Amino acid sequence: AFVLSWLQAHNLNEFSLAAWALVDLKMEDTVEVYMDESAEIPCLYTFTAKPATVMVQWFVREREGNRVRISYSDLTMQKVDENTIYSDRITVQSNSDGETLTIQDVKLSDEREFFCQVTGFAAGNGEARTLLKVFDPPEPPVIEGVLSGVSVSSDSPAKIASCETRDGFPKPNITWYRDHIPIHPANGLVNVVTLVTRESSGLYTVQSDLHYKVTKEDKDAHFSCEVSYFVPAAVRTSESKGINITVHYPTTSVEIWKESPEGLVKEGDTVEIRCQGDGNPPAPIIFNREQSDVELDSYHGLLILKEVSRADSGVYECHSLELDAVNHDEVVDTLQLTVHYLDPAVVMPKDSEVMLKGESLTATCNALSSLETSTVWFKDGIEVGRGHTMQLLDATFDTAGQYDCEVTVPSLPGLLTSGSVHIIVQGPPQMKDAEREIELTEKVGGWLNLSCEVRGHPRPTITWSITGSQSWRDVVKRETEEQIHSVVMLKVTTDTVAICNSTNDFGIETKTYNIRSIDNSGVIIVVIIVSILLLAILGSVFYFLYKKGKLPCGRSGKQEIINAYSTKEKTNKDDIVVEMKAKKMEESVLLKGVNGEKKPLNDQVTMYTYTLIQNT
């Protein structure tokens, strides 16, 4: 109606329109845009001749199929039709080549055909269309595995995971992957069930369930899903995280091993034996000894043997009790357990052995063991030999004592045993000192300690035989298993002979002390002789100094030169004092010189008088 009225206003009729020709009218087949953005649809036209006037109208196809105009323009005006869904969302921009329709805030409902109709009347007319396509990317995919697990025994594919992507347009697609390799549907092996939901918003939610016939090898595989979706001028993808599904499969084999202790096992150890099958979930495990149907107590595949002995050595078996096992009789594994031991040491001779002095003896120390042993001998904590035998040659009293042997297993520390033998050496008494006769001198009334220390087995006895001095007493007497030590205190009153007699079942040994006594007069004489010798030496020194002029004397007569007392020495209760005096020989004695002249007084000889005074 609008066109007819417009023709009539311009003195034209509708039949003349068929004769018009539009040289060129161009529109894009499709225009793609993200939802909520703006879309621009160009309409370019060219006339063969310059038209007197041009009218351009824009139409949109509704869902029912009919067309509705939304805008029109000519050389004098441009108008957007009212009361349409685009009245407030479109603008039309004219230029020398044509017009551009702009749609703001694009909705999903805007995905439809838009028509551009150009009328140039005598210059020609034409019409073209563009399909507007709207895109909205979906949310990233979310994948979930079946929590209960999937059994390989299922006869048909079972659901193992689901993947969902929400709010996308147009409808996105989901592809499944196993270890990054696409999974394609296969009869009896793979089935993919897809559920597409169109939300009230017009967006799509797609859910895909993967049904898969699993095998044991799938227990370590990673499954993922990928969503592919369209965007303007491209296709994009988004991949989910990978998940590992729980695969249930029967036990086909079991493995048994010793978990502790590490290395060799010895008696007294606590042994832990572990057994595990390759099924999932793990099947119950039982233990037994080889050729025995008695089930051993265990817990979750762990067998504990406390304080094992050699009787626990042998072959241990573990079995799987899973009913779905391939072959229950064949699902078994064995372990050889060897418990090493070291028996108590056996020493020969046993306990103790008596030897005669000078004899020889061979002692042995052995212990039965499952491994090679090493033996070391000790005496008083000091190593005295290595090996299972020990030679004792030419026994002495020092040979006697306890010998300990220690047997170890070098390859298994902790295995140790020991034994001992006590050696007794018998023989006649033996003095500790090599000197058998001792000479002593002591003043009368003095005291002496006489010692006698003897070894022997049986332990000797000591008696003293003393002739001469009779005042004596025992002051020390110490005894051990094979030694005795006696000390007597003797007062010397005269020359004395003291004999220490030591005896046992094998002989006698003696030690003699010859004591010479010294009385008080002898002491006095010795003191006097020594004093006289000292004074003579002193006088010679003074005379020498005098002759050299080193000791000047006065000229007026008698001069005292020396007045001294000698050293006092006590002997018993008597005191000896030696007094030395000097007197000048005046006129009574004249020493003549070479010419018979008298010497000066200072050259006269000084005479010394020695007086021995005995204090009583």
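Worth saying up front: this structure is predicted, and the values here are computed from it rather than measured.

Visitor: Tell me about the pairing of strand E43 (residues 496-504), residues and numbers included.
Guide: By the bridge criterion, 7 bridges tie strand E40 (residues 461-467) to E43 in an arrangement that is antiparallel. In the sheet register, Ser465 faces E43, and the bridge partner there is Ile499. Bridge count between E43 and strand E44 (residues 507-518): 9 bridges; the pairing is antiparallel. By the bridge assignment for E44, Thr496 is matched with Ile515. Counting the residues between successive antiparallel strands, the hairpin from E43 to E44 contains 2 residues.

Visitor: I'd like a description of the layout of surface pockets, backed by residues and values.
Guide: Within this model, the largest pocket holds a volume of roughly 330 Å³. Contributing to the lining of the largest pocket are 16 residues, with Tyr45, Val54, Leu75, Asn95 and Ser96 lying nearest its centre. Put simply, the parts of the chain that give the lining of the largest pocket at least two residues each are strand E3 (39-46), strand E7 (90-95) and strand E8 (98-103). Residue composition of the lining of the largest pocket, grouped by class: 6 nonpolar, 6 polar and 4 charged.

Visitor: Quick one: what's the story with the pattern of salt bridges, residue by residue and with numbers?
Guide: Inspection of every chain in the model, using the stated rule, returns 25 salt bridges. Between Arg178 and Asp179 there is a salt bridge whose closest N-O contact spans 3.7 Å. Under the relative-accessibility criterion, Arg178 is labelled partly exposed at 24%. Lys219 is paired through a salt bridge with Asp220; the nearest N and O atoms lie 2.9 Å apart. Assessed through its relative accessible area of 51%, Asp220 is described here as exposed.

Visitor: Can you tell me about the nonpolar core, naming the residues and giving the values?
Guide: Membership of the largest hydrophobic core comes to 30 residues, with the highest contact counts inside it found for Trp58, Leu101, Ile103, Phe114 and Val118. Setting aside residues up to four positions removed in sequence, Ile103 forms contacts with Glu37, Ser38, Ala39, Ile41, Tyr86, Arg89, Ile90, Asp110, Phe114 and Leu132.

Visitor: Lay out the sheet that holds E44 with the relevant residues and their values.
Guide: Taken together, the 4 strands give an open sheet; going across it, the order is E38-E44-E43-E40, and neighbouring strands pair in mixed fashion. Edge positions in the open sheet fall to strand E38 (437-443) and E40, since each of these has one partner strand only. In this sheet, neighbouring strand axes are inclined to one another by 20° on average, regardless of whether the strands run parallel or antiparallel.

Visitor: So what's going on with the confidence of the model for the protein? Residues and values would help.
Guide: Mean pLDDT for the protein: 84, with 83% of residues reaching 70 or above. The low-confidence segment residues 6-22, where pLDDT is below 50, has 31 contacts with residues more than four positions distant or belonging to other chains.

Visitor: Give me the state of the cysteines: which residues, what numbers.
Guide: Overall, the coordinates contain 5 disulfides when judged by the stated rule. Cys43 shares a disulfide with Cys116; S-S distance 2.0 Å. The disulfide joining Cys43 to Cys116 has a torsion of about -80° about its S-S bond and is therefore left-handed. A residue pair is termed long-range when its members are at least 10 positions apart, and Cys43 in strand E3 and Cys116 in strand E9 (residues 113-119) qualify at 73 residues. Each member of the pair, Cys43 together with Cys116, is buried. Here Cys452 engages in a disulfide with Cys500; their sulfurs sit 1.9 Å apart. One quick way to see it: the torsion about the S-S bond of Cys452 and Cys500 is about -75°, and its sign makes the bridge left-handed. Of this pair, Cys452 sits in strand E39 (residues 447-457) while Cys500 sits in strand E43, placing them 48 residues apart in sequence. The burial state of Cys452 is the same as that of Cys500; both residues are buried.

Visitor: Explain the pairing of E7 to me, and be specific about the residues and the numbers.
Guide: Looking at chain direction, E7 and E8 are connected through 6 bridges and run antiparallel. Within E8, the position partnered with Ile90 by the bridge is Ile103. Connecting the antiparallel pair E7 and E8 is a turn made up of 2 residues.

Visitor: Give a description of the environment of Thr270 that names residues and reports values.
Guide: Here Thr270 is to be found in the loop between strand E22 (265-266) and strand E23 (271-277). Note: C-alpha distance between Thr270 and Ser309 (39 residues apart in sequence) is 9.9 Å. When near neighbours in sequence (up to four residues on either side) are disregarded, Thr270 contacts Ser260, Pro261, Ile304, Leu305, Lys306 and Glu307.

Visitor: Please provide a residue-by-residue account of the side chain of Thr205, values included.
Guide: Topologically, Thr205 is positioned in strand E17 (residues 204-212). At 2.9 Å, the side chain of Thr205 forms a polar contact with the side chain of Glu199. If we skip the residues at most four places from it in the chain, Thr205 touches Glu164, Thr165, Arg166, Asp167, Leu195, Val196, Thr197 and Glu199.

Visitor: Would you mind going over the packing of aromatic side chains in detail, with residue names and values included?
Guide: Inspection of the entire model under this criterion finds 5 aromatic pairs. Aromatic side chains Tyr86 and Phe114 sit 5.6 Å apart centroid to centroid with 70° between the ring planes, which places their arrangement in the edge-to-face category. One end of the pair, Tyr86, is in the loop between strand E6 (78-80) and E7; the other, Phe114, is in strand E9, with 28 residues separating them in the sequence. Tyr86 sits in the buried class, given a relative accessible area of 0%. Looking at Phe114, the relative accessible area reads 0%, which means it is buried.

About the criteria used
- Residues numbered from 1 in each chain as written.
- Predicted model: local features only at pLDDT ≥ 70, side-chain atom pairs only at ≥ 80, totals over all residues.
- Heavy atoms only, no water.
- Pairing = 2+ DSSP bridges.
- Helix = DSSP H or I, 4+ residues; strand = E, 2+ residues; numbered from the N terminus.
- 1 Å grid on protein atoms, 1.4 Å probe; cavity = no way out; pocket = protein on both sides within 12 Å on 5 of 7 lines; lining within 4 Å.
- Points joined across faces, edges and corners; volume = space filled by probe spheres on them.
- Nonpolar A, V, L, I, M, F, W, Y, C, P; charged D, E, K, R; others polar.
- Salt bridge = Lys/Arg side-chain N within 4 Å of Asp/Glu carboxyl O.
- Buried < 20%, exposed > 50% of the residue type's maximum accessible area, 1.4 Å probe, protein only.
- Core = buried A, V, L, I, M, F, W, Y, C linked by side-chain atoms within 4.5 Å.
- Contact = heavy atoms within 4.5 Å.
- Axes fitted to C-alpha atoms, helices over the stretch in contact; angles between N-to-C directions.
- pLDDT = per-residue confidence, 0-100.
- Disulfide = S-S within 2.5 Å.
- Polar contact = N/O pair within 3.5 Å; in protein donor to acceptor, adjacent residues only side chain to side chain.
- Phe/Tyr/Trp six-rings, centres within 6.5 Å; stacked < 30°, edge-to-face > 60°.

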